[in-house]
Amino acid sequence: MSLRNNIGIIIIILAFICANAIFLSFYKDVWWDSSVYIGMGKYIFFSGKSGLWEESRPLILPLILGIGWKLGFDAVYFGRLVSIIFAILVIIVTYKIGIKLFSRKIGLLAAFFTAFSYNFLFFSPNILTEIPSAFFVLLAFYSFLNNRFFLMGLFSGIAIMTRLFHVFTLIGFFLIFFFYFPGKPNFHKKLFYAALGFLITIIPYFLLNYYLYNDMLLPFKTQSHLTRTTGWMMYKEYGFYFAGLFKENFFLISLLSLPFAFKRNYRFYAITLPPSIYIIIFSFVRHKEMRFMLVILPFLYLLASYCLTQIYLKIRHKRLALVFFYIVIAIWMIMTFISFKGIFLYKYQRDDQGFLYFQDYLKNNNGNVWITNPLYALYSDGKINGLLYFYSSDNLIDFIGKNKDNVNIVLFNSCDIPCPPAELDSLCPESRNIMQNLLSKFKKIYEKEVDFCKYEIYRKPIS
């Protein structure tokens, strides 16, 4: 890429980096899921003697984070840096896809929309799998556009191993592949290379699952089960994502003109189908969060940028249209940055004395430890043996029954594992009673109430 021809994308990236640098100085809290990935990285590189393990999580991000921790970097800051780098790569690949499919201007506008969408900017320094996996999804799509089918399969496999449910995004252009290319020259060769690239990444993962769990599909099964039975606080109505996306960027209203500007070629179908399938499937899932839509934002912005260009070409007074466009862009940018005001006010982890005490306690205490929140172990190099938040009630009952004689320390917060509605989990009260009966036999060495949440540390009496 020559500097002169790509000065626009360079400016966007530099502005994006500056925005992240500003927000990082305020945004100190670490997300629940982020602490899990960091803990899993420790677990991998210390052969299970440090960290924690959740079998439902994919492996790519924990591997990357574990490398940084092994090299001696601060796990949180290294993770944030990695996340921002992946976000920059998403912006670049979005730009490249725009050039390939449409034009440099459309690619630049789509990259700009992606970079400064509130949720993309908000989640770019967070240590989560959505944006890294989105990068690999986009690479798979870019490889598809360039007829690099081995790379298409390879990056598709890596995307799934980074975030399992992004397989629903990949379905779109694989469907186009199987509808368009059969009957074309060298179809079987293309299929072979795509399958080879995909299997190179997926087969070792399945074999590892079989070795660890005696079930190649256990992570998929567990994640599917958790999707159905957890996150009930985040249950939303069917139209949540449609409303959220238009709130994210009101320029997406231009997609209503897409049927009138539709190009009847396989590449255009390929960019339209993935976000359509993905959003429809996820709209039926009750647990909804806008971060789940990050993977389709580049696709939607590419299509929206194309639609805006087509609308502009049909407008008679183009200078007036451009002035109006720049005014609306400015309003959108202001709204994006105003949305960040909550970050400056939110200080839960930094001010919660019970939470901070739990983290300090685990830095200096080892043994067989059970916790109700993975964030408590974020700065600990010890091994966490029991994840009380992770188990469904029947599995928690089973876990306590099998391991109650081995536990030494329990870090318990009453707000970490609330019982869901009875129709989702009828055994929850029983599991909590069994837990309390066990804790009653331990010595309580710490207790603090913060905002109606009881922080308690229990230690097994020395016999």
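Here is a short report on the structure shown in this document. This one's a predicted model, so the numbers in the text were calculated from it and none came from an experiment.

## Considering the environment of Lys-363
(1) Moving on: Along the polypeptide, Lys-363 turns up in helix 19 (residues 353–364).
(2) Moving on: According to the relative accessible area criterion, Lys-363 is partly exposed, its value standing at 46%.
(3) Moving on: Counting along the chain gives 264 residues from Lys-363 to Ile-99, while the straight-line C-alpha distance between them is 50 Å.
(4) Moving on: Lys-363 has contacts with Tyr-379 and Ser-380, leaving out every residue within four places of it along the chain.

## Some thoughts on the sheet that holds strand 5 (residues 453–459)
(1) Moving on: If you trace the 5 strands from one edge of the open sheet to the other, you get 2-1-3-5-4, paired in mixed fashion. Looking at strand neighbours, the two that pair on one side only are strand 2 (384–387) and strand 4 (443–450), the edges of this open sheet. In this sheet, neighbouring strand axes are inclined to one another by 15° on average, regardless of whether the strands run parallel or antiparallel.
(2) Moving on: When strand 4 meets strand 5, the two strands line up antiparallel, connected through 7 bridges. Bridging across to strand 5, Lys-444 finds its partner in Tyr-458.
(3) Moving on: Relative to strand 3 (residues 409–413), helix 21 (residues 428–439) is tilted by about 130°, and along the sheet it contacts strand 1 (369–371), strand 3 and strand 5.

## Looking at the nonpolar core
Considering soluble globular proteins, one finds that nonpolar side chains tend to be buried as a cluster.
(1) Moving on: Among the nonpolar cores identified, the biggest contains 149 residues, and Phe-16, Phe-116, Phe-141, Phe-144 and Met-293 are the most heavily contacted of them.
(2) Moving on: Take this core: its biggest share by element is 14 residues, from helix 4 (residues 75–101).
(3) Moving on: The residues touching Phe-144, leaving out its near neighbours within four places in the chain, are Phe-149, Met-152, Phe-173, Ile-176, Phe-177, Phe-181, Tyr-266 and Ala-270.

## Digging into the state of the cysteines
(1) Moving on: One pass over the full model with this rule turns up 2 disulfides.
(2) Moving on: A disulfide bridge connects Cys-419 with Cys-428, and the sulfur atoms are separated by 2.0 Å. In this structure the cystine formed by Cys-419 and Cys-428 twists about its S-S bond by roughly -90°; its chirality is therefore left-handed.
(3) Moving on: Taking relative accessible area as the criterion, Cys-428 reaches 0% and is therefore assigned buried.
(4) Moving on: Disulfide partners in the protein chain, listed by the sequence order of the bonded cysteines, are 1-4, 2-3.

Reading the values: rules and limits
- In this convention, every chain numbers its residues from 1, walking through the sequence in written order.
- For a predicted model such as this one, the threshold for reporting local features is a pLDDT of at least 70, and the threshold for listing and counting side-chain atom pairs is 80 or more; totals across whole chains, interfaces and linings nevertheless cover every residue.
- For the side-chain quantities, the full set of heavy atoms in the structure was used; hydrogens and water were omitted.
- Numbering goes from the N terminus for both helices and strands, where a helix is a DSSP run of H or I of at least four residues and a strand is a run of E of at least two.
- With a 1.4 Å probe rolled over the protein chains alone, any residue whose accessible area is under 20% of its type maximum counts as buried; one over 50% counts as exposed, and the rest are partly exposed.
- Residue contacts are counted whenever heavy atoms from the two residues lie within 4.5 Å of one another.
- Should DSSP find at least two bridges between two strands, the strands are regarded as paired.
- In this analysis, axes come from line fits to C-alpha atoms, helices being fitted only over the stretch in contact, and the angle between any two N-to-C directions falls in the range 0 to 180 degrees.
- Think of a nonpolar core as a cluster: buried Ala, Val, Leu, Ile, Met, Phe, Trp, Tyr and Cys residues, connected wherever their side-chain atoms sit within 4.5 Å.
- Defined by distance alone, a disulfide is two cysteine sulfur atoms within 2.5 Å.

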